[in-house]
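An overview of the molecular structure
Below, each chain spelled out in residue letters.
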Amino acid sequence: MDLLTETLRRALRANADHGDGLDRDPVPVVKLFNPCGAATWLATELDADGDTLFGLADLGFGCPELGSFSLGEIASVRLPLGLRVERDLHFSTAHRLSEWADAARRAGSIVAAEALLHRAARGTGLPDLTCR
């Protein structure tokens, strides 16, 4: 499976082309994940080089972070049983990248943040995950 369709590439490039201010906070366009582990990436932008994505990266160590990552490197990962990193075909969100980053940092992962954001969208709110 191609990790990015042409439609996704265009949407990611459009976000990158309009990223001319500090107030930019796009909605993630694509979610990539390791089907054998905890690594997950949410991408909002694709650089003109066609390889450098920007978004939220979570390698499964409990500290998701914003930054750039290589589509080529992610696509080249070989997993057990011949598996590879996959694109979540059903991913969609109305939450901006800053909301994802905040929830993922508080929850410790993108996967846990997804549950929190779904709960928030249903009106039950985000729990207080502040360390005490």
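Just above sits the structure.
Residues numbered from 1 in each chain as written. Predicted model: local features only at pLDDT ≥ 70, side-chain atom pairs only at ≥ 80, totals over all residues. Heavy atoms only, no water.

1. Focus on the overall build of the chain
Here is the rule we go by: By the criteria applied, helices consist of DSSP H or I runs no shorter than four residues and strands consist of E runs no shorter than two, each listed in order from the N terminus. Relative accessibility under 20% of the residue-type maximum defines a buried residue, over 50% an exposed one, and the middle range a partly exposed one, all with a 1.4 Å probe and only protein chains included. Whether two residues are in contact is decided by their heavy atoms: any pair within 4.5 Å suffices.
Along the backbone of the chain there are 4 helices and 5 strands. Of the regular secondary structure in the chain, the N- to C-terminal order runs α-β-β-β-β-α-β-α-α. Across the 132 residues that make up the chain, the buried fraction comes to 37%. For the chain, long-range pairs separated by at least 24 residues make up 48% of all intrachain contacts whose partners lie at least 6 apart in sequence.

2. A word on the environment of Trp-41
You can see Trp-41 is positioned in strand S2 (residues 40-46). The class for Trp-41 is buried, based on a relative accessible area of 8%. Through-space distance from the C-alpha of Trp-41 to that of Gly-55 is 7.2 Å; in sequence the pair is 14 residues apart. Excluding residues within four positions of it along the chain, Trp-41 makes contact with Val-30, Lys-31, Leu-32, Phe-33, Asn-34, Leu-56, Ala-57, Leu-59, Phe-69, Ile-74, Val-85 and Ile-110.

3. Quick word on the pattern of salt bridges
Spelled out, the test is: By salt bridge we mean one thing: a side-chain nitrogen of Lys or Arg within 4 Å of a carboxyl oxygen of Asp or Glu.
The tally for this structure, following the rule as stated, stands at 4 salt bridges. With a closest N to O distance of 3.5 Å, Asp-88 and Lys-31 form a salt bridge. A residue pair is termed long-range when its members are at least 10 positions apart, and Asp-88 in the loop between strand S5 (86-87) and helix H3 (97-107) and Lys-31 in strand S1 (residues 30-33) qualify at 57 residues. Neither Asp-88 nor Lys-31 differs from the other in exposure class; each is buried.

4. Examining the nonpolar core
Quick reminder of the rule: Throughout, nonpolar core names a set of buried Ala, Val, Leu, Ile, Met, Phe, Trp, Tyr and Cys residues whose side chains join them through atoms within 4.5 Å.
Leu-4, Leu-32, Trp-41 and Leu-53 are the most contacted members of the largest nonpolar core, which totals 16 residues. Among the elements of the structure, helix H1 (6-17), S1, S2, strand S3 (52-58) and helix H2 (71-76) are those that each provide at least two residues to this core. Broken down by element, this core gets its largest block of residues, 3 residues, from S2. Counting residues in each nonpolar core, the second largest holds 11 residues, with Leu-97, Ala-101, Ala-103 and Ala-104 among its members.

5. Structural notes on unusual backbone geometry
Despite not being glycine, Leu-81 shows a phi value in the positive range, around 60 degrees. Structurally, the position occupied by Leu-81 is in the loop between H2 and S5. Since its relative accessible area comes to 85%, Leu-81 is described here as exposed.

6. Some remarks on the pairing of S2
Definition in use: For two strands to pair, DSSP has to find at least two bridges joining them.
In terms of residue burial, S2 counts as a mostly covered element, since 7 of its 7 residues are buried. Bridge count between S1 and S2: 4 bridges; the pairing is antiparallel. Residue pairing in the sheet places Val-30 in a bridge with Ala-43 of S2. Linking two consecutive strands that pair antiparallel, namely S1 and S2, is a turn of 6 residues.

7. As for the packing of aromatic side chains
Formally: Two rings from Phe, Tyr or Trp (for Trp, the six-membered ring) form a pair when their centres are within 6.5 Å of each other. A pair whose planes differ by under 30 degrees is stacked, one over 60 is edge-to-face, and the rest are tilted.
Going through the model one piece at a time under the given rule, you end up with 1 aromatic pair. Ring centres of Phe-91 and Trp-100 lie 6.0 Å apart, and the angle between their planes is 55 degrees; on these two criteria the pair is classed as tilted. By relative accessible area, Phe-91 is classed as buried at 12%.

Interpretation note: all reported values are geometric properties and have no functional meaning in isolation.
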